[in-house]
Amino acid sequence: MKSKSKINYTFPDENGRFGEFGGKYVSETLITALEELEKIYSKVKNDKSFQEEVIKDLNDFVGRPSPLYFAERWTEKLGGAKIYLKREDLNHTGAHKINNTVGQVLLAKKMGKKRVIAETGAGQHGVATATVAARHGLECIVFMGEEDIERQSLNVYRMKLLGAKVCSVDSGTKTLKDAMNEAMRDWVTNVEDTHYIIGSVAGPHPYPEIVRDFNSIVGKELKLQSKKEFGKYPDMIVACVGGGSNAMGIFYPFIKDIKTKLVGVEAGGSGVKSGKHAAPLSDGKVGVLHGMKTYLMQDKNGQILPTHSVSAGLDYPGVGPEHAYLRDIGRVEYQSATDQQALKSFHELTRTEGIMPALETSHALAYVNKIAPKLSKSKIIVINLSGRGDKDMFTVAKEDGMTL
Amino acid sequence: MTRLEKIFKQTSAKKKILVTYTVAGDPSLKTSKKILDDLVSSGADILEIGVPFSDPMSEGPVIQKAHERALKKNIEFKDILNICKQIRKKNSSVPIVLMGYMNSFLSLKNKLAKELFLAGVDGVIVVDLPYDESKSFFENLRQEDIDLIRLISPTTDSKRLKQMLASSSGYLYYVSLKGITGAELKNFDEVKKKVKKIKSLTHLPVVVGFGIKDTKTAKKMASFSDGIVVGTKIIDFIENKSSKRISSFTKSLKKAIN
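As the structure is a computational prediction, the values presented were derived from the model and not from experiment.

Trainee: Describe in detail the overall build of chain B, supporting the description with residues and values.
Mentor: Counting its secondary structure elements, chain B contains twelve helices and nine strands. A globule of 258 residues ought to have a C-alpha radius of gyration of about 18 Å, and chain B, at 17 Å, matches this closely. Taking the principal axes of its C-alpha atoms as reference, chain B extends roughly 45 × 40 × 35 Å. Looking at chain B residue by residue over its 258 residues, the buried ones come to 62%. Across chain B, every contact between residues at least 6 apart in sequence was considered, and the portion connecting residues at least 24 apart equals 71%. Total accessible area computed for chain B in this model is approximately 10,900 Å², and 51% of it derives from carbon and sulfur atoms.

Trainee: Talk me through unusual backbone geometry; I want residue IDs and the actual numbers.
Mentor: A cis geometry characterises the amide bond from Arg64(A) onward to Pro65(A), with omega recorded as -5°. Along the chain, the position of Pro65(A) falls in the loop between α2 (48–62) and β3 (68–70). The omega torsion across Asp26(B) and Pro27(B) is 0°, close enough to zero to call that bond cis. You can see Pro27(B) is positioned in the loop between β1 (17–23) and α2 (29–41). Not every positive phi belongs to a glycine, and His290(A) is a case in point at roughly 50°. Summarising the element assignment, His290(A) is placed in the loop between β11 (285–289) and β12 (291–296).

Trainee: Residue-level account of the interface of chain A and chain B, with values.
Mentor: Counting residues at the interface gives 34 residues for chain A, matched by 34 residues for chain B. Note that Arg17(A) is salt-bridged to Glu133(B), the shortest N-O span being 2.5 Å. For the pair chain A and chain B, the interface holds 23 residue pairs in polar contact (both at pLDDT 80 or more). At the level of secondary structure, the elements contributing two or more residues to the side of chain A that touches chain B comprise β2 (21–25), α1 (28–45), α8 (176–189) and β11 of chain A. In terms of residues, the side of chain A that touches chain B owes the most to one element, α8(A), which gives eight residues. Partitioning the side of chain A that touches chain B into residue classes produces ten nonpolar, 14 polar and ten charged.

Trainee: Give a description of empty space enclosed by the protein that names residues and reports values.
Mentor: Enumeration according to the criterion identifies seven cavities of 30 Å³ or more in this entry. Counted as a void, the largest cavity has a volume near 360 Å³. Lining of the largest cavity is provided by 30 residues; of these, His96(A), Lys97(A), Ser245(A), Gly313(A) and Glu360(A) occupy positions nearest its centre. Its residues assigned to classes, the lining of the largest cavity comprises nine nonpolar, 17 polar and four charged. Around the second largest cavity sit 16 residues that line it, and Tyr173(B), Thr181(B), Phe210(B), Gly231(B) and Thr232(B) are the ones nearest its centre.

Trainee: An account of the pairing of strand β14 (residues 380–385) of chain A is requested, with residue identities and associated values reported.
Mentor: Residues and elements named next belong to chain A. Counting buried positions over the six residues of β14 gives six, a clear majority of the element. The two faces of β14 match: Ile-380, Val-382 and Asn-384 on one face and Ile-381, Ile-383 and Leu-385 on the other face are all buried. As judged from the six bridges shared by strand β4 (residues 82–87) and β14, these two strands associate in the parallel manner. Paired with Lys-86 across the bridge in β14 is Asn-384.

Trainee: Can you break down the layout of surface pockets residue by residue, with the values?
Mentor: To find leftover empty space, a probe the size of one water molecule is rolled over the atoms. Taken as a whole, the largest pocket holds about 700 Å³ of empty space. Around the largest pocket, the lining is made up of 32 residues, and of these Lys293(A), Met102(B), Phe105(B), Leu106(B) and Lys109(B) lie nearest the centre. Going through the elements one at a time, β11 of chain A together with α5 (102–106), α6 (112–118) and α7 (135–142) of chain B are the ones with two or more residues in the lining of the largest pocket. At five residues, the largest contribution of residues to the lining of the largest pocket is made by α7(B). Its residues placed into classes, the lining of the largest pocket shows ten nonpolar, ten polar and twelve charged. Looking at the second largest pocket, its volume works out to about 440 Å³. Residue lining of the second largest pocket: 24 residues in total, with Gly172(A), Ile304(A), Ser54(B), Glu68(B) and Leu71(B) positioned closest to the centre. At the level of elements, α8 of chain A together with α3 (61–72) of chain B are the ones that each hand at least two residues to the lining of the second largest pocket. With five residues, the single largest contributor to the lining of the second largest pocket is α3(B).

Trainee: Provide a residue-level description of a nonpolar patch on the surface, including the pertinent values.
Mentor: A contiguous nonpolar surface patch, about 310 Å² in accessible area, is contributed by Leu154(A), Phe394(A) and Leu404(A). Within the secondary structure layout, Phe394(A) lies in helix α16 (residues 393–399).

Trainee: Which residues make up the pairing of strand β9 (residues 236–241) of chain A, and what are the values?
Mentor: Residue and element names in this part refer to chain A. With six of six residues buried, β9 is to be regarded as a mostly interior element. Here β9 shows no split at all, with Met-236, Val-238 and Cys-240 on one side and Ile-237, Ala-239 and Val-241 on the other all buried. The pairing of β9 with strand β10 (residues 261–269) spans six bridges and is parallel. The residue bridging Met-236 from the neighbouring strand is Lys-261, located in β10. In terms of strand pairing, β9 meets β14 through three bridges, oriented parallel. Opposite Ile-237, over in β14, you have Val-382 as the bridge partner.

Trainee: Got a sec to walk through the packing of aromatic side chains? Specific residues and values, please.
Mentor: Using the criterion set out here, one finds 17 aromatic pairs over all chains in the structure. Taking 4.6 Å as the distance between ring centres and 55° as the angle between the ring planes, the aromatic pair formed by Phe11(A) and Tyr325(A) counts as tilted. You can see Phe11(A) sitting in the segment before β1 (17–18) and its partner Tyr325(A) sitting in helix α13 (residues 321–328), a full 314 residues away along the chain. On the basis of relative accessible area, Tyr325(A) is assigned to the buried category, the value being 16%. Look at Phe8(B) and Tyr171(B): their rings are 5.5 Å apart centre to centre, the planes differ by 45°, and that puts the pair in the tilted class. Within this pair, whereas Phe8(B) is found in helix α1 (residues 3–9), its partner Tyr171(B) is found in the loop between α8 (158–166) and β7 (172–175), the two being separated by 163 residues in sequence. Judged by relative accessible area, Phe8(B) falls into the buried class, the value being 8%. A connected cluster of aromatic rings, assembled from ring pairs, spans Tyr9(A), Phe11(A) and Tyr325(A). The ring of Phe61(A) is capped by Arg135(A), whose NZ or CZ atom sits 5.0 Å from the centre of that ring. One residue, Lys233(B), lies across the ring of Phe237(B), its end atom 5.5 Å from the ring centre.

Trainee: An account of the sheet that holds strand β13 (residues 332–338) of chain A is needed here, citing residue identities and associated values.
Mentor: Residue and element names in this part refer to chain A. The six strands are arranged β3-β4-β14-β9-β10-β13 in an open sheet whose pairing can be described as mixed. Edge positions in the sheet fall to β3 and β13, since each of these pairs with one other strand and no more. Neighbour-to-neighbour, the strand axes of the sheet open up by a mean angle of 30°, direction not taken into account. Relative to β13, β10 runs parallel, the two being bridged by seven bridges. Its bridge partner lying in β13, Leu-262 is registered against Val-332. On top of the sheet, helix α10 (residues 217–230) reaches β3, β4, β9 and β14; it is set at about 140° to β4, its chief contact. Here α13 sits on the sheet in contact with β9 and β13, set at roughly 110° to β13.

Reading the values: the criteria
Residues numbered from 1 in each chain as written. Chains lettered and ligands numbered in written order. Predicted model: local features only at pLDDT ≥ 70, side-chain atom pairs only at ≥ 80, totals over all residues. Heavy atoms only, no water. Helix = DSSP H or I, 4+ residues; strand = E, 2+ residues; numbered from the N terminus. Rg over C-alpha atoms; globule rule 2.2 N^0.38 Å. Buried < 20%, exposed > 50% of the residue type's maximum accessible area, 1.4 Å probe, protein only. Contact = heavy atoms within 4.5 Å. Areas by Shrake-Rupley, 256 points an atom, 1.4 Å probe, with all protein chains shown as cover. Salt bridge = Lys/Arg side-chain N within 4 Å of Asp/Glu carboxyl O. Polar contact = N/O pair within 3.5 Å; in protein donor to acceptor, adjacent residues only side chain to side chain. Nonpolar A, V, L, I, M, F, W, Y, C, P; charged D, E, K, R; others polar. 1 Å grid on protein atoms, 1.4 Å probe; cavity = no way out; pocket = protein on both sides within 12 Å on 5 of 7 lines; lining within 4 Å. Points joined across faces, edges and corners; volume = space filled by probe spheres on them. Pairing = 2+ DSSP bridges. Patch = residues over 30% accessible without salt bridge, like charges linked within 9 Å, V, L, I, M, F, W, Y side chains within 5 Å. Phe/Tyr/Trp six-rings, centres within 6.5 Å; stacked < 30°, edge-to-face > 60°. Lys NZ or Arg CZ within 6 Å of the ring centre and 35° of its normal. Axes fitted to C-alpha atoms, helices over the stretch in contact; angles between N-to-C directions.

Structure, rendered in structure tokens:
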């Protein structure tokens, strides 16, 4: 009997859920705004002229399609599976984040909103939002944790140059989750004229779906590119997971094709066993935060625990609800890489391929570093090279004991 | 008759209900308990007790800090239930309503309703649990006769309001403004219109909260509703280490609305 190579998959359901995960856990005031967004999105999702507008921007403004690059020297060095990189680092603004903001800003305009807000961790989503806001002449406010402002000062300045106002958030742990709290507070206050551009496949429905769909251009391109390049789909796709937008973007078009193994790599910080990490899928419990039911790092009283990761973009105690579901049904395997493993891979790719990856992406590289030598040379691994590492210069220098 | 039904039965055109909000464990377990006692003796009709949470998304800066102060003292859910039990020992009539975020209530899993009942809690307000997601949660609470107090906001339309009213009990909490706790309340007429609309659709009492910081606003808001909720201003006193003034402020509110 021929084994099944396809599965059925239609999520989220009509309640905005991926199995038990997802949903709309927000204050009553925001429900109307979410319903408006849901309505407009379901309308434009299959609207040809809207989709053409998005594609035009992705091509001419972002610079898509992004290349699929064979990392030949690194492959040789590891001596196993062939490693390819999906070059999202070559996008305008330097990461996959712009795929989503290009689409969401058009949604904002459709809804007649004059003001956009965003949360940001590493600053890439903030920059991507500030960029599209500048292009469309919208007011833009970006919320960023005080600690992240310090470690990502280059991106803070980029946002300011683009005309965005960067609001420092000094509550709680002063990182991404607190920036998201503050963005929610702004949204609930200015809900009538403001669209909240969430930067990950997180938050209340319909955000996980919208952000996934806009990012899934990555996986769609990869399907075409891999057919052309190797006459088949990759054997394995690897991506880092914080909230999980770059991973969902590259995984989603492949979910039904079960011959392609999908691996998400979380931030292991000082090691999952140390408790100092940002890996809720590896070491979290189901709960509700930021509008969604998902795996969270929390204590027995439901208090959200502080996270730790060398990469600001993965420093988040939750994860998109679709990842939670994909983990539970076993369609995606979730692994973690520590700060040190990620830093090592950062240097290795930089020196071997002349490509400087973001520290977030370096977590995916670290896993491949481990797994590729164990696989046969006929296997093909594709890594979503989700962003470039220029923004991380200060962090890397500090880790290496240098001051710039 | 539940404690909440009893208290609202006493309302009339001239007598309105004063609801106070403080955070359990702020500034410490002992002091917050003392403050709750003082609130009752100076006229609070219903105690809304905040369950401190690491990520209080709907709160303004004053209440956020109250949550942080309480968490610094390592307040756990069982401590909050203990506070409720202690209040209940002395006072069998004042309704107690716990207000917090979904993740805190989830931490008690299927024991929640039973534990709340045993602690003498009458109702629950869950800020991030809208009507749409609340079906099983509501049913679980109802098994122990605990009310799930619904929040209604300026953006809630009539169709939705009617759906919500079909599964509401206790009282309704009208959020007077689009925003966070402690924000500036500007549009009185709009609030009045909306409260009248809600009252025309239900027999449940409607209290108004968010942005009520002085006796003048309290009086105005109480004139067309069944009562008012005051939180930020009381917590202001705690933050400024002048908890002693809470009693006289509460008395003045009570006088203003009656």
